[in-house]
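Geometric and topological summary
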Amino acid sequence: MDSENSACGNPNPNPTLGPSKLMLAFRFLRALSLVHRTTPASSRTCRGRRIERAAYASMAYSAGTGRGWSRAVLRRLHHRARRRAVAPRRLSTTAGNRAEALRQLVPGGAGMDYCTLLEETADYIKCLSMQVELMQGIVDSSSSYGP
């Protein structure tokens, strides 16, 4: 089974385990290098958006296509040019609407049943926390070198 996934180009041989920290770091640093080379220093907002997209893309690619949230993030990144800017909606968190609020927060959560939504949410939170650790490590290592 492992050779089947690696032959298809899936960077994560077991998509149910989530992304490996090393693969996430590799993809994110490679994307940051590309952003640094291609974005002029004068456009800070554009650069910030590209870094944010690179972070989400590296996290989703590292998680593989076995998770609904990663497929939704990748689909959103590939089709972002077609989307129009929409004002964010205010989420209601009353007891009856908590599942709906969660469906709006987790990428791809709109079409999931409750149990799947909770599994995807747990995996998504795990990947987000790994991403935060990685970015904190990058900031800490770059600040130790000085300006």
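Predicted model only: the values in this text are computed from it and were never measured.

**Focus on the overall build of the protein chain**
- Summing up its helical and strand segments, the protein chain has six helices and zero strands in all.
- The order of helices and strands in the protein chain, counted from the N terminus, is α-α-α-α-α-α.
- Put simply, the protein chain has 147 residues, and 30% of those count as buried.
- Looking at the protein chain alone, contacts between residues at least 24 apart form 54% of all its contacts between residues at least 6 apart.
- For the protein chain, the exposed surface amounts to about 10000 Å²; the carbon and sulfur share of it is 58%.

**Topic: the packing of aromatic side chains**
- Applying the stated rule across the entire model yields one aromatic pair.
- Taking the centre distance of 5.0 Å and the plane angle of 55° together, the rings of Trp-69 and Tyr-124 count as tilted. Of the two residues, Trp-69 sits in helix 4 (residues 68-78) while Tyr-124 sits in helix 6 (residues 114-144), which places them 55 residues apart along the sequence. Like Trp-69, the residue Tyr-124 is buried in the burial classification.

**Here we look at the nonpolar core**
- With 19 residues, the main nonpolar core has Leu-24, Met-59, Ala-60, Trp-69, Val-73 and Leu-134 as its most contacted residues.
- In this structure, Ala-60 is in contact with Trp-69, Ser-70, Val-73 and Leu-74, ignoring residues within four places of it in sequence.

**Digging into the pattern of salt bridges**
- Within the structure shown, the criterion is met by four salt bridges.
- With a shortest N-O distance of 3.4 Å, Arg-67 and Glu-120 are connected by a salt bridge. Residue Arg-67 is located in the loop between helix 3 (44-63) and helix 4, and its partner Glu-120 is located in helix 6; the two are separated by 53 residues in the primary sequence. An identical accessibility class is assigned to Arg-67 and Glu-120; each is buried.
- Between Lys-126 and Asp-123 there is a salt bridge, and its shortest N-O distance comes to 4.0 Å.

**A few points about helix 3**
- Relative to the 28 Å expected for 20 residues at 1.5 Å per residue, helix 3 spans 29 Å between its end C-alpha atoms, a close match to the ideal helical length.
- Among all positions of helix 3, only Ala-54, Ala-55, Ala-57, Ser-58, Met-59, Ala-60, Ser-62 and Ala-63 are buried.
- Buried-residue contacts for helix 3 involve helix 2 (21-38), helix 4 and helix 6.
- Positioned one or two residues after helix 3, Gly-64 has a phi angle of 85°, which is positive.

**Considering the confidence of the model for the protein chain**
- Chain-level statistics for the protein chain give a pLDDT mean of 75 and a share of 73% at 70 or above.
- The element-level mean pLDDT for the protein chain is lowest in helix 1 (residues 2-7), coming to 40, with helix 6 highest at 88.
- Within the model, the stretch residues 1-17 combines pLDDT values under 50 with 18 contacts to residues more than four positions away or in other chains.

**Some remarks on the environment of Val-73**
- Mapped onto the elements, Val-73 comes out in helix 4.
- Sequence separation between Val-73 and Tyr-56 is 17 residues, and the spatial gap between their C-alpha atoms is 7.2 Å.
- Residues contacting Val-73, with those up to four places away along its chain left out, are Tyr-56, Ala-60 and Pro-107.

Reading the values: the criteria
- Residues numbered from 1 in each chain as written.
- Predicted model: local features only at pLDDT ≥ 70, side-chain atom pairs only at ≥ 80, totals over all residues.
- Heavy atoms only, no water.
- Helix = DSSP H or I, 4+ residues; strand = E, 2+ residues; numbered from the N terminus.
- Buried < 20%, exposed > 50% of the residue type's maximum accessible area, 1.4 Å probe, protein only.
- Contact = heavy atoms within 4.5 Å.
- Areas by Shrake-Rupley, 256 points an atom, 1.4 Å probe, with all protein chains shown as cover.
- Phe/Tyr/Trp six-rings, centres within 6.5 Å; stacked < 30°, edge-to-face > 60°.
- Core = buried A, V, L, I, M, F, W, Y, C linked by side-chain atoms within 4.5 Å.
- Salt bridge = Lys/Arg side-chain N within 4 Å of Asp/Glu carboxyl O.
- Expected span 1.5 Å × (residues − 1).
- pLDDT = per-residue confidence, 0-100.

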